[in-house]
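Analysis of the macromolecular model
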Amino acid sequence: MSRVTIPIGPAHPSLKEPESFNITLEGERIFSAEVKLGYNHRGIEKAAEDRTYIQDIHLIERVCGICSHAHSTAFCMAVEEVAGVTVPPRAQHVRTLVAELERIHSHLLWLGVAGHEIGFDTLLMYTWRDREPVMDLLAMLTGNRVNYGINTLGGVRRDVTPEHLAQVAQVVDVLEQRTLYYAELAETDVTLRQRLSGVGHLSHDDAVRFGAVGPTGRASRIDRDTRRDDPYLAYGQVQFDVITDDHEDVLGRTRVRVKELLQAYRIIRQVIATMPDGPLTVKVPRKIRAGEAIVRYEAPRGENLHYVRANGTDRPERVKVRAPTLANTAAVAKMMEENYLADVPIIVAAIDPCFSCTDRALRVNADGASEVLSWRELRARGIERYRREGVDFGDLNARLSRQLSARKG
Amino acid sequence: MADASSTPAVPHPLAEALAARFPALAGEVTSPRARRLFAEPAPEAFREVFDFAVAELGFDRLVAITGMDEKTSLVALYALSRPDGTVLGLRRRVPREAPALASVTDRFPGAANYERELDDLLGFEVTDLPPGKRYPLPDDWPKDEKPLRKDWKPGSPA
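Read on for a plain summary of the structure. Here the structure is a predicted model, which is why all the values come from computation and not from measurement. (Residues numbered from 1 in each chain as written. Chains lettered and ligands numbered in written order. Predicted model: local features only at pLDDT ≥ 70, side-chain atom pairs only at ≥ 80, totals over all residues.)

**Concerning the overall build of chain B**
The criterion, for reference: In this description a helix means any DSSP run of H or I spanning at least four residues, a strand means any run of E spanning at least two, and both kinds are numbered starting from the N terminus. This radius of gyration counts C-alpha atoms alone. The globule rule is 2.2 Å times how many residues there are, raised to the power 0.38. Partly exposed residues are those whose C-beta has more than 12 but fewer than 20 other C-beta atoms within 10 Å; 20 or more makes a residue buried and 12 or fewer makes it exposed, with C-beta atoms placed from the backbone. Here the contact rule is simple: place C-beta atoms from the backbone, and any two residues whose C-beta atoms are within 7 Å are in contact.
Secondary structure summary: chain B contains three helices and six strands in total. Against the 2.2 N^0.38 benchmark of 15 Å for 158 residues, chain B shows a C-alpha radius of gyration of 17 Å, consistent with a compact globule. Buried residues in chain B amount to 42% of all 158 residues. Intrachain contacts of chain B at a sequence separation of at least 6 include 48% that bridge at least 24 residues.

Listed below in structure tokens is the structure:
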């Protein structure tokens with residue numbers, strides 16, 4: 001059969017993120033795939049060399065919109081290691097709490113995207129509904145839904161109150177019940193099984209060879225998790241299981257992420273129960289002594305590497321970030337081989353590639369003064385805007401409920 | 001360049017294993033903290049040390065390659081990891097005027113993007129790379145502009 005090569009991208013077939021593929025087909029089947037990246041290169045590593053360590057925390061946090069805490073924490077850990085300071089236990093616990101909440105919202109977001117890619121939009125609606133309370137918790141704890149800004153060198157910038165922790169525990173209880181339902185779906189649902197089973201196969205040997213990380217690697221039986229293997233923050237003091245799966249396909253990647261949600265709830269409960277008293281920060285000198293550190297951090301998408309080299313000044317000599325998606329991209333081309341062209345979106349989405357986003361509105365008044373909207377106000381504005389355009393979900397809901405009760409009557 | 005004062009007095013067993021096989025590395029492997037080792041083998045011995053660490057010492061994953069500009073030379077730092085969480089940073093130094101580096105994609109095919117990045121951002125000349133497009137700079141970025149070199153300053157295009 002003759003082969004046809006088609007370009008896909010850089011406008012992405014599944015996520016709002018630029019990358020491109022040259023896919024060579026034999027009929028409907030993929031013979032080979034070539035991945036091209038780099039459309040989102042922003043020169044952050046170069047920019048970091050020109051800024052102070054404190055400024056860099058905020059810069060590095062913006063490497064990613066979803067796992068921003070993963071990046072700012074890894075950067076702070078590297079600088080703290082070079083400076084030779086020990087972060088107070090309470091700050092370690094707060095960082096761990098935010099890290100696991102970040103994993104929960106990232107995994108729930110992914111589960112929704114995966115549902116959407118296979119035409120199972122009910123799953124998208126369910127999981128994104130469940131993600132909202134997590135975003136609200138993060139806003140409550142840190143002041144931001146994304147790009148939390150909780151980290152500083154030597155600790156965290158905000159304390160948590162017993163009321164905060166009680167609220168987190170309450171949300172976690174609800175989410176656990178819902179996640180148990182998703183776990184049951186991942187095991188038994190016919191749509192998920194038939195649509196995802198065997199799609200995007202990556203054998204254990206190929207996963208090792210191509211260096212797959214995170215849930216992508218663990219779904220191909222790579223039993224590695226930085227939180228257990230190279231413990232940091234409070235992970236050395238909590239009990240959790242590293243989830244692996246032997247399906248080696250998108251179904252396996254789904255199962256790993258759903259089960260990791262349950263482990264995240266387990267970690268959060270222990271972090272809350274053992275939250276130590278004490279200071280939130282330790283003083284870190286403005287100028288960092290010469291030295292270097294390699295830090296690894298288990299971000300929601302997998303192992304994240306930060307390298308920081310200090311030269312004795314208040315600015316780093318070199319900052320290197322290797323995000324998990326770069327490690328997983330090499331395996332994507334392999335996963336596509338022998339699959340149908342129509343499976344490209346879910347295969348790409350299944351490594352959970354990372355895109356930047358932010359979610360906060362600023363209303364500028366006529367006199368030039370600005371005011372930050374609360375989340376409730378932002379929602380109200382959204383409803384009002386649609387109403388002005390003639391779409392009123394309030395009316396629609398009322399009509400639907402009238403129809404339903406009329407039918408029952 | 002790990003801070004010498006933080007190097008523990010007790011030698012790390014993996015550092016000893018490296019030194020036993022490569023006597024030139026005796027006393028040259030630093031361990032700034034638990035589960036971290038750094039070494040800089042002589043350029044001609046680099047690949048042998050790299051292969052030994054992978055095949056004999058269990059460093060079975062290449063986590064990343066970090067390129068650095070150290071004024072007269074360019075340095076590539078290969079971070080290898082073991083299942084027990086230990087990371088070995090192997091430093092490969094090349095002269096700035098002839099920064100040739102052999103690819104390690106024969107052992108780690110996933111290293112291709114890391115090596116293309118060394119070329120694009122710092123100007124390493126990586127040999128034996130499989131065919132593929134540049135990464136991460138745009139296709140029309142000038143070939144001789146290497147933004148992570150210390151003498152390259154951001155500015156408006158000419």
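**Considerations on the interface of chain B and chain A**
The parts lose accessible area when they come together, and the size of an interface is often stated as this lost area. Quick reminder of the rule: The classification used treats Ala, Val, Leu, Ile, Met, Phe, Trp, Tyr, Cys and Pro as nonpolar, Asp, Glu, Lys and Arg as charged, and all other residues, Gly among them, as polar.
If you look at the interface, chain B gives 32 residues, while chain A gives 31 residues. Contributing elements (two or more residues each) for the side of chain B that touches chain A: strand 2 (61–70), strand 3 (73–81), strand 4 (87–95) and helix 3 (112–122) of chain B. For the side of chain B that touches chain A, the class distribution of residues is 19 nonpolar, six polar and seven charged.

**A word on the environment of A:Gln177**
Residues and elements named next belong to chain A. As for its placement among the helices and strands, Gln-177 is situated in helix 6 (residues 162–188). We classify Gln-177 as exposed; it has 8 C-beta atoms within 10 Å. The spatial distance from the C-alpha of Gln-177 to the C-alpha of Leu-262 is 9.6 Å, given a sequence separation of 85 residues.

**Observations regarding the sheet that holds strand 6 (residues 291–299) of chain A**
Residue and element names in this part refer to chain A. Filter applied, for reference: For two strands to be treated as a pair, DSSP must find no fewer than two bridges joining them. Working convention: axes come from line fits to C-alpha atoms, limited for helices to the stretch in contact. Angles between N-to-C directions cover 0 to 180 degrees.
Strand order in the open sheet formed by three strands is 6-7-8, and the pairing between neighbours is antiparallel. Only two strands of the sheet have a single neighbouring strand rather than two, namely strand 6 and strand 8 (316–322). Geometrically, the sheet is characterised by an average inter-axis angle of 10 degrees between neighbouring strands, direction not taken into account. Note: strand 6 against strand 7 (residues 302–310), nine bridges, orientation antiparallel. Bridge assignment links Gly-291 to a residue of strand 7, and that residue is Ala-310.

**Some details on the pairing of strand 4 of chain B**
Residues and elements named next belong to chain B. Across four bridges, the pairing between strand 1 (residues 36–39) and strand 4 is parallel. The partner of Arg-36 across the bridge, within strand 4, is Val-87. The turn joining strand 3 and strand 4, which pair antiparallel and follow one another in sequence, is formed by five residues; a positive phi near 95 degrees is taken by Gly-85.

**Considerations on the nonpolar core**
Residues and elements named next belong to chain A. Quick note on the threshold: The nonpolar core is taken to be a set of buried Ala, Val, Leu, Ile, Met, Phe, Trp, Tyr and Cys residues joined by way of C-beta atoms within 7 Å.
The biggest cluster of nonpolar side chains holds 141 residues, and the ones touching the most others in it are Ala-78, Val-79 and Ile-347. In terms of residues, this core owes the most to one element, helix 4 (residues 89–117), which gives 13 residues. Excluding anything up to four places from it in sequence, Ile-347 contacts Val-199, Gly-200, Val-250, Val-332, Met-335, Met-336 and Asn-339.

**So, helix 1 (residues 13–21) of chain B**
Residue and element names in this part refer to chain B. Spelled out, the test is: Here the arc refers to the directions that run from the helix axis out to each C-beta atom.
For helix 1, the set of buried residues is Leu-14, Ala-15 and Leu-18. An end-on view of helix 1 places all buried positions within 105 degrees of arc, on one side of the element. Across helix 1 from its buried face, at more than 90 degrees, point the exposed residues Pro-13, Glu-16 and Ala-20. On its buried face, helix 1 sits against strand 1.

**Focus: the sheet that holds strand 2 (residues 20–26) of chain A**
Residues and elements named next belong to chain A. Reading across from one edge, 1-2-3 is the order of the three strands in this open sheet, with antiparallel pairing throughout. Bordering the open sheet on either side are strand 1 (3–8) and strand 3 (29–36), each of which pairs with just one other strand. For this sheet the average axis-to-axis angle between neighbouring strands, irrespective of direction, equals 20 degrees. Direction of pairing for strand 1 relative to strand 2: antiparallel, over a ladder of six bridges. When the bridges of strand 2 are listed, Arg-3 appears paired with Glu-26.

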